Amino acid sequence: AQSVTQLGSHVSVSEGALVLLRCNYSSSVPPYLFWYVQYPNQGLQLLLKYTTGATLVKGINGFEAEFKKSETSFHLTKPSAHMSDAAEYFCAVKPGHAGNMLTFGGGTRLMVKP
Amino acid sequence: DTGVSQDPRHKITKRGQNVTFRCDPISEHNRLYWYRQTLGQGPEFLTYFQNEAQLEKSRLLSDRFSAERPKGSFSTLEIQRTEQGDSAMYLCASSAMTPNGAEQFFGPGTRLTVL
């Protein structure tokens, strides 16, 4: 079974500051990991994903995440927040290539202050 | 390619009524998923199709819920005898059958309100 924990349901940063959204997972098999962003009244858009290979993955809009197996973490970062980054962010896990179902965390709402 | 579309975007119904939602996946995608998202929570998996075959169902999918994908293209999700607890956003996603990490593309969702 898989599970995802996102620490901090709300995170507030100033424009230009570092963004750090935390994600820890549990998985009985090597996981595939995803970060999605959701703007109000819209569906989910993929930011980035980790499957195999390089543990530091870069995504759209300047976001990146690092897979740390020893810490079972996949934290999302962005060096400099922009007002347009304000949204809900979801971390998700899938049991490797064999699985189909995504298990999502509870989400983190990012607020960006001017 | 217009992405995943869902219809309607919003549905308000009275308790006890039946509702049906439609999802049109990206045309070349043979995998289709339904998720449910309640306010302040992450999406929860409901069911999954590969072509027209429904291969996986969550225990969240009670007997009042039924999903179909008759010709392996669009899918419908029906909820019979709706309850207030069914109020949620219903998300559809599709993906291609590639060897690994197939990204799921999500539609805009159907927001259901049961009065």
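Reference entry: report on the structure contained in this document. What you see is a predicted model, and the numbers here were worked out from it, not measured in a lab.

What follows concerns the side chain of Thr47(B). Residues and elements named next belong to chain B. Among the structural elements, Thr-47 can be located in strand S5 (residues 44-50). Residue classification places Thr-47 among the buried residues on the basis of a relative accessible area of 0%. Residues in contact with Thr-47, not counting those within four places in the same chain, are Leu-32, Tyr-33, Trp-34, Gln-54, Glu-56, Lys-57, Leu-61 and Ala-67.

Turning our eyes to something else, we now look at the packing of aromatic side chains. If you walk through the whole model with that rule in mind, you get 14 aromatic pairs over all chains. Aromatic pair Tyr35(B) and Phe106(B): ring centres 5.5 Å apart, planes at 45 degrees, arrangement tilted. With a gap of 71 residues between them, Tyr35(B) in strand S4 (residues 31-37) and Phe106(B) in strand S10 (residues 105-106) connect regions that are remote in the sequence. One aromatic cluster in this structure is built from Phe34(A), Tyr36(A), Phe90(A), Phe104(A), Tyr33(B), Tyr35(B), Phe45(B), Tyr48(B) and Phe106(B). Note that Arg22(B) overlies the ring of Phe74(B), its terminal NZ or CZ placed 3.9 Å from the centroid.

Residue-level contacts link 19 residues of chain A with 22 residues of chain B. Inspection of the region where chain A meets chain B yields zero salt bridges. Run the count over chain A and chain B and you get three residue pairs in polar contact (both at pLDDT 80 or more). The element best represented in the side of chain A that touches chain B is strand S5 (residues 32-38) of chain A, accounting for four residues. Of the residues contributing to the side of chain A that touches chain B, the split by class is nine nonpolar, nine polar and one charged.

It is worth spelling out the pattern of salt bridges at this point. Side-chain pairing between opposite charges can occur once the charged atoms of the two side chains come close. Tallied over the full model, the rule gives six salt bridges over all chains. Measuring nitrogen to oxygen at the nearest pair gives 2.9 Å for the salt bridge that ties Glu88(A) to Arg109(A). Taken together, the residues Glu88(A) in strand S10 (residues 87-94) and Arg109(A) in strand S12 (residues 108-113) connect sequence positions 21 residues apart. For Glu88(A), a relative accessible area of 11% gives the class buried. Residue classification places Arg109(A) among the partly exposed positions, given a relative accessible area of 36%. For the salt bridge of Asp86(B) with Arg64(B), the shortest nitrogen-to-oxygen distance reads 2.8 Å. Of this pair, Asp86(B) sits in the loop between strand S8 (75-79) and strand S9 (88-95) while Arg64(B) is found in the loop between strand S6 (53-57) and strand S7 (65-68), placing the two residues 22 residues apart along the sequence.

Taken as a whole and assessed by the stated rule, the structure comprises two disulfides over all chains. A sulfur-sulfur distance of 2.0 Å marks the disulfide that ties Cys23(A) to Cys91(A). Here Cys23(A) and Cys91(A) share a disulfide; its torsion about the S-S bond, -65 degrees, makes the bridge left-handed. Of the two residues, Cys23(A) sits in the loop between strand S3 (19-21) and strand S4 (24-26) while Cys91(A) sits in strand S10, which places them 68 residues apart along the sequence. A single burial state applies to Cys23(A) and to Cys91(A), both of which are buried. Note that Cys23(B) is cross-linked by a disulfide to Cys92(B), the S-S spacing being 1.8 Å. Disulfide Cys23(B) to Cys92(B): torsion about the S-S bond roughly -70 degrees, handedness left-handed. With a gap of 69 residues between them, Cys23(B) in strand S3 (residues 19-24) and Cys92(B) in strand S9 connect regions that are remote in the sequence. Residue Cys23(B) is classed as buried on the basis of its relative accessible area, which comes to 0%. We classify Cys92(B) as buried; its relative accessible area is 0%.

Thresholds applied
The residue count restarts for each chain, going from 1 along the sequence in the order it is written. In the order they appear in the text, chains get letters beginning with A and ligands get numbers beginning with 1. With pLDDT at 70 or above as the cut-off, local features in this predicted model cover only qualifying residues; side-chain atom pairs require 80 or more to be listed or tallied, and sums for whole chains, interfaces and linings still use all residues. Only hydrogens and water are set aside when side-chain values are computed; all heavy atoms of the structure are taken into account. The numbering of helices and of strands both runs from the N terminus, where a helix is a DSSP run of H or I of at least 4 residues and a strand a run of E of at least 2. Accessibility here uses a 1.4 Å probe with only protein chains present; expressed as a share of the type maximum, an area under 20% marks a residue as buried, one over 50% as exposed, and anything in between as partly exposed. We call two residues in contact whenever any of their non-hydrogen atoms come within 4.5 Å of each other. Stacked, edge-to-face and tilted are the three classes for Phe, Tyr and Trp ring pairs, Trp counted by its six-membered ring, which pair at centre distances within 6.5 Å; planes under 30 degrees apart are stacked, over 60 edge-to-face, the rest tilted. Only when the NZ of Lys or the CZ of Arg is both within 6 Å of the ring centre and within 35 degrees of the ring normal is a charge said to sit over the ring. We define a salt bridge as a side-chain nitrogen of Lys or Arg found within 4 Å of a carboxyl oxygen belonging to Asp or Glu. Each polar contact in these results corresponds to two N or O atoms within 3.5 Å; when the atoms are within protein, one needs to be able to donate a hydrogen and the other to accept it, and residues that are neighboring in sequence are counted only if both atoms are side-chain atoms. Just so you know the grouping, Ala, Val, Leu, Ile, Met, Phe, Trp, Tyr, Cys and Pro go in nonpolar, Asp, Glu, Lys and Arg go in charged, and all remaining residues, Gly too, go in polar. The disulfide definition used here is simple: a pair of cysteine sulfur atoms within 2.5 Å.

Remember that the coordinates give geometry; whether it matters functionally is a separate question.
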